[in-house]
Amino acid sequence: MANPKRILCVDCEYDNGRLREIGLVELDLVTLKPARMDSWLVWDDMRKSITPKKKDISLPVWFTNLTGITNEEYQADALPLSNVKNIILKKYGKKAWYAWGDDDRLLGKVFLGPFVNYALVRSHVLNPGENVGIVDQLPLELQLSPHRALQDALMLARLIRIDFEKIKSQRE
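These figures come from a predicted structure and were not determined experimentally.

### Side note on the pairing of strand β1 (residues 6-15)
Most of β1 sits out of view: 8 of its 10 residues are buried. Summarising the sheet, β1 and strand β2 (residues 18-28) pair through 10 bridges and their orientation is antiparallel. When the bridges of β2 are listed, Asp15 appears paired with Arg18.

### A closer look at the packing of aromatic side chains
Taken as a whole, this structure holds 4 aromatic pairs when the rule is applied. Aromatic pair Trp62 and Phe63: ring centres 5.8 Å apart, planes at 90 degrees, arrangement edge-to-face. Given a relative accessible area of 40%, Trp62 falls into the partly exposed group. Feature note: the residues Trp97, Phe111 and Phe115 constitute an aromatic cluster, connected by ring pairs.

### A closer look at the nonpolar core
The biggest cluster of nonpolar side chains holds 17 residues, and the ones touching the most others in it are Val10, Ile22, Trp40, Ile88, Leu107 and Phe111. The set of elements that each furnish at least two residues to this core consists of β1, β2, β3 (33-43), α3 (81-92) and β5 (97-99). The greatest single-element share of this core, amounting to 4 residues, is contributed by α3. Each residue touching Trp40, except ones within four places of it in the same chain, is listed here: Arg20, Glu21, Ile22, Leu24, Leu79, Val84, Ile87, Ile88 and Tyr92. Ile7, Val25, Tyr118 and Ile160 belong to the second-largest nonpolar core, a separate cluster that totals 14 residues.

### Side note on the sheet that holds strand β6 (residues 115-117)
Strand order in the open sheet made by the 6 strands is β4-β3-β2-β1-β5-β6, with mixed pairing throughout. Of all the strands in the sheet, the pair left with one neighbour each is β4 (79-80) and β6. Relative to β3, β2 runs antiparallel, the two sharing 8 bridges. What sits directly across from Glu21, in β3, is Leu41. Here α3 sits on the sheet and contacts β1, β2, β3 and β4; the angle it forms with β3, its principal contact strand, is near 165 degrees.

### With respect to the environment of Val10
Relative to the helices and strands, Val10 resides in strand β1. Once residues within four sequence positions are removed from consideration, Val10 is found in contact with Ile22, Gly23, Trp97, Tyr98, Ala99, Trp100, Asp103, Leu107, Phe111, Ala153 and Leu156.

### Digging into the pairing of β2
In terms of residue burial, β2 counts as a mostly covered element, since 10 of its 11 residues are buried. Between β1 and β2, which follow one another and run antiparallel, lie 2 residues, and Asn16 among them has a positive phi close to 50 degrees. As consecutive antiparallel partners, β2 and β3 are separated by 4 residues, and within that stretch Leu32 has a phi angle of approximately 60 degrees, a positive value.

### As for unusual backbone geometry
One non-glycine residue with positive phi stands out, namely Asn16, at about 50 degrees. Non-glycine residue Leu32 carries a positive phi angle of around 60 degrees. Topologically, Leu32 is positioned in the loop between β2 and β3. The class of Leu32 is buried, set by a relative accessible area of 9%.

### Some details on the confidence of the model for the protein chain
Overall, the prediction assigns the protein chain a mean pLDDT of 84, with 83% of residues at 70 or greater. β3 holds the highest mean pLDDT among the elements of the protein chain, 95, whereas helix α6 (residues 134-137) holds the lowest, 58.

### Structural notes on the environment of Phe111
Among the structural elements, Phe111 can be located in the loop between α4 (104-107) and β6. Sequence-wise, Phe111 and Gly93 are 18 residues apart; in three dimensions their C-alpha atoms are separated by 8.6 Å. If near-sequence neighbours (up to four positions away) are discounted, Phe111 is found in contact with Leu8, Val10, Ile22, Leu24, Ile88 and Trp97.

What counts as what
Residues numbered from 1 in each chain as written. Predicted model: local features only at pLDDT ≥ 70, side-chain atom pairs only at ≥ 80, totals over all residues. Heavy atoms only, no water. Buried < 20%, exposed > 50% of the residue type's maximum accessible area, 1.4 Å probe, protein only. Helix = DSSP H or I, 4+ residues; strand = E, 2+ residues; numbered from the N terminus. Pairing = 2+ DSSP bridges. Phe/Tyr/Trp six-rings, centres within 6.5 Å; stacked < 30°, edge-to-face > 60°. Core = buried A, V, L, I, M, F, W, Y, C linked by side-chain atoms within 4.5 Å. Contact = heavy atoms within 4.5 Å. Axes fitted to C-alpha atoms, helices over the stretch in contact; angles between N-to-C directions. pLDDT = per-residue confidence, 0-100.

Quick look at the structure:
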């Protein structure tokens with residue numbers, strides 16, 4: 001059974017709309033600390049359209065320069081998205097999942113719990129009118145190198161922790 005006192009902070013890296021990496025941090029809402037974390041290089045075998053075989057995928061140079069993920073690493077480690085979905089469901093269950101943006105369009109088939117676009121929460125509720133990237137939201141000492149899914153998911157978890165601590169202190 002899913003632990004309702006934990007949420008999933010998720011980030012993805014895409015190559016021209018094609019999912020290439022998923023990072024996930026399970027955040028304990030009692031301690032506000034990461035409980036577990038994982039990341040996977042993936043190739044999307046769940047699309048309705050024709051999906052290329054992994055061996056036929058070549059990552060663009062700009063994507064490798066941005067993320068540091070090489071073709072060799074991708075070919076050696078990428079798993080089919082359907083396998084990653086099963087791993088996530090078995091290990092993490094159907095928890096609420098938070099992302100910075102509209103990742104639910106592509107990942108709604110993977111994460112089956114309720115989805116929260118945390119960028120919208122921050123821009124409409126916590127900091128009205130503010131609409132910037134996640135790195136811009138964190139104090140410098142909490143920032144990590146962006147553009148790897150696990151680091152971005154960790155930054156999202158840190159931002160949620162800061163916001164929850166702020167809300168909690170305002171209630172006391």
